[in-house]
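What the coordinates show
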Amino acid sequence: VLWMTVEEVIAQIKKQIPFIRGVTVSGGECTLYPEFLTALFSECKKLGLHTLIDSNGMVDFRVYPELLAVTDGVMLDIKAYSEKDHVAVTDFGNEQVLKNAAFLAEHSKLYEIRTVVVRELFDPVKVIESIAAYLCFFMDIGMLRYKLIAYRPFGVREQYQTYESPDVSYMEQLKNIAIQVGFQEVIII
């Protein structure tokens, strides 16, 4: 583990400025360090850089207005829509994740929603349809991008290593469903 100050991180970022337009911070879960993120993004803004957060949505964004003020967007994981399915995937509920999705969308800070497709754990079609129903107002005004990520059994907990990666044709089917229910920009990875 390498611990760095905001100043040290900014010094590294400055070396890359000719090649980058922005900075994305992920984790673990980077929002567990909101003060650091706020200070880092404040400095990035002074350099004219775009700022994004990659989050699992477990930390309540409503309590960090200073962070959101210097954040251009959040890439939010919605691993599963139903509480039961979300607990099966993460061991935690998703009430805060869904509240964050609506709050961030309402404040034009929800850059994208992402779901990793693991057919053995939940019904991906139901997840897509449920997210669309939950966030339909924001989709109607063209604000949401949806990234569907094909599960890959690398670097995962041992109990998930036997799950299969969905094939390209299934991912295309899911993309078409997402478009049918209102997502205008759907990306498959």
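Here the structure is a predicted model, which means the values were calculated and not measured. (Residues numbered from 1 in each chain as written. Predicted model: local features only at pLDDT ≥ 70, side-chain atom pairs only at ≥ 80, totals over all residues. Heavy atoms only, no water.)

1. Here we look at the pattern of salt bridges
One side chain can pair with another of opposite charge once the charged atoms of both are near each other. Counting across every chain of the model gives 11 salt bridges. Lys79 is the salt-bridge partner of Asp77, the closest N and O atoms lying 3.2 Å from each other. A relative accessible area of 16% means that Asp77 is categorised as buried. A salt bridge links Arg145 to Glu112; the shortest N-O distance between them is 2.7 Å. Pair noted here: Arg145 is in strand 5 (residues 145-150) and Glu112 is in strand 4 (residues 110-117), with a separation of 33 residues, a long-range link. An identical accessibility class is assigned to Arg145 and Glu112; each is buried. If you follow the salt bridges from partner to partner, you end up with Asp54, Asp77, Lys79, Glu112, Arg114, Arg145, Lys147 and Glu185 in one network. (Salt bridge = Lys/Arg side-chain N within 4 Å of Asp/Glu carboxyl O. Buried < 20%, exposed > 50% of the residue type's maximum accessible area, 1.4 Å probe, protein only. Helix = DSSP H or I, 4+ residues; strand = E, 2+ residues; numbered from the N terminus.)

2. Digging into the side chain of Asp77
Positionally, Asp77 belongs in strand 3 (residues 73-77). In terms of polar contacts, Asp77 uses its side chain to reach the side chain of Lys79, at 3.2 Å. Of note is the side chain of Asp77, whose polar atom sits 2.9 Å from the side chain of Arg114. Excluding anything up to four places from it in sequence, Asp77 contacts Asp54, Ser55, Asn56, Val97 and Arg114. (Polar contact = N/O pair within 3.5 Å; in protein donor to acceptor, adjacent residues only side chain to side chain. Contact = heavy atoms within 4.5 Å.)

3. Overview of the pairing of strand 5
Taking burial as the measure, the 6 residues of strand 5 include 6 buried ones, the bulk of the element. Alternating positions in strand 5 separate into two faces, Arg145, Lys147 and Ile149 on one and Tyr146, Leu148 and Ala150 on the other, with burial throughout. As judged from the 5 bridges shared by strand 4 and strand 5, these two strands associate in the parallel manner. Looking at strand 5, one finds that Thr115 is bridged to Leu148. Relative to strand 6 (residues 185-188), strand 5 runs parallel, the two sharing 4 bridges. For Leu148, the partnering residue across the bridge sits in strand 6 and is Ile188. (Pairing = 2+ DSSP bridges.)

4. Regarding the layout of surface pockets
Put simply, the largest pocket is a space of about 400 Å³. Taken together, the residues of the lining of the largest pocket break down into 12 nonpolar, 1 polar and 3 charged. (1 Å grid on protein atoms, 1.4 Å probe; cavity = no way out; pocket = protein on both sides within 12 Å on 5 of 7 lines; lining within 4 Å. Points joined across faces, edges and corners; volume = space filled by probe spheres on them. Nonpolar A, V, L, I, M, F, W, Y, C, P; charged D, E, K, R; others polar.)

5. Focus: the environment of Ala88
One can find Ala88 in helix 4 (residues 83-90). A residue is classified by how much of its surface remains accessible, and Ala88, at 40% relative accessible area, is partly exposed.

6. So, the pairing of strand 4
In terms of burial, strand 4 is largely enclosed, as 6 of its 8 residues are buried. Examined bridge by bridge, strand 3 and strand 4 share 4 bridges and lie parallel to one another. What sits directly across from Val74, in strand 4, is Leu110.

7. Some thoughts on the packing of helix 1 (residues 6-16) against helix 2 (residues 34-46)
With their axes 10 Å apart at the nearest point, helix 1 and helix 2 run at an angle of 35° to one another. The interaxial crossing formed by helix 1 with helix 2 has right-handed handedness. For the pair helix 1 and helix 2, contact is made by Val6, Val9, Ile10 and Ile13 and by Phe36, Ala39, Leu40, Glu43 and Cys44, respectively. Partitioning the contact of helix 1 with helix 2 into residue classes produces 8 nonpolar, no polar and 1 charged. (Axes fitted to C-alpha atoms, helices over the stretch in contact; angles between N-to-C directions. Left-handed = near helix turned anticlockwise from the far one by under 90°.)

8. Structural notes on the state of the cysteines
Under the definition given, this model contains 0 disulfides. Lacking any disulfide linkage, Cys30 is separated from the closest cysteine sulfur, that of Cys44, by 12 Å. Overall, Cys30 belongs to the buried group, its relative accessible area being 6%. (Disulfide = S-S within 2.5 Å.)

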